[in-house]
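# Report on the structure
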Amino acid sequence: MDIFELVEVNDCPICGGGALLEEECGNSYYVMCMECGAHSVNIDFKTEEERLSAAQRTALLWNTGKVIKSDPGE
């Protein structure tokens, strides 16, 4: 089963916009809001066994409001 179907990502805690779980370079995951650009930290994985855990931890941080948002001028 696809990892993106196994991990639930809530809407953005800042603006309520839609968010996407993204894989970066085949070694980490992050979540990003498609509306305001807020994002989570990247959670790295080194093996296939760690892949699902990294995606779940990234989504958990996002879903609990642990996000990074830079406004213009910051």
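Residues numbered from 1 in each chain as written. Predicted model: local features only at pLDDT ≥ 70, side-chain atom pairs only at ≥ 80, totals over all residues. Heavy atoms only, no water.

What follows deals with helix H2 (residues 48-63). Helix length check: H2 (16 residues) gives 23 Å between terminal C-alpha atoms against 22 Å at 1.5 Å per residue, within 8%. All of the buried residues along H2 are Arg-51, Ala-54, Ala-55, Thr-58, Ala-59 and Trp-62. Across the axial projection of H2, the buried residues extend over an arc of 125°, all falling on one side. Among the exposed residues of H2, those pointing more than 90 degrees away from its buried face are Glu-49 and Leu-60. Residues of H2 that are buried sit in contact with helix H1 (3-6), strand S1 (19-24), strand S2 (28-33) and strand S3 (43-44). Following H2 by one or two positions, Gly-65 adopts a phi angle in the positive range, close to 90°. (Helix = DSSP H or I, 4+ residues; strand = E, 2+ residues; numbered from the N terminus. Expected span 1.5 Å × (residues − 1). Buried < 20%, exposed > 50% of the residue type's maximum accessible area, 1.4 Å probe, protein only. Arc of directions from axis to C-beta. Contact = heavy atoms within 4.5 Å.)

Moving on to the side chain of Ser-40. Tracing the backbone through its elements, the reader meets Ser-40 in the loop between S2 and S3. Among the residues examined, Ser-40 registers a relative accessible area of 2% and is labelled buried. Separated by 2.8 Å, the side chain of Ser-40 and the backbone nitrogen of Val-31 make a polar contact. (Polar contact = N/O pair within 3.5 Å; in protein donor to acceptor, adjacent residues only side chain to side chain.)

Tallying each qualifying case throughout the model produces two aromatic pairs. With centroids separated by 6.2 Å and ring planes inclined at 75°, the aromatic side chains of Phe-4 and Tyr-29 adopt a geometry described as edge-to-face. With Phe-4 in helix H1 and Tyr-29 in strand S2, this pair connects stretches of sequence that are 25 residues apart. A relative accessible area of 0% means that Tyr-29 is categorised as buried. Members of the aromatic cluster, joined through ring pairs, are Phe-4, Tyr-29 and Phe-45. (Phe/Tyr/Trp six-rings, centres within 6.5 Å; stacked < 30°, edge-to-face > 60°.)

A general tendency of soluble globular proteins is for nonpolar side chains to be buried together. Core analysis: the largest hydrophobic core is formed by 15 residues, its most contacted members being Leu-21, Tyr-29, Ala-55 and Trp-62. The set of elements that each furnish at least two residues to this core consists of S1, S2 and H2. Here the element with the most residues in this core is H2; it accounts for four residues. If near-sequence neighbours (up to four positions away) are discounted, Leu-21 is found in contact with Phe-4, Val-7, Val-9, Tyr-29, Tyr-30, Val-31, Ala-55 and Thr-58. (Core = buried A, V, L, I, M, F, W, Y, C linked by side-chain atoms within 4.5 Å.)

These figures capture arrangement, not role.
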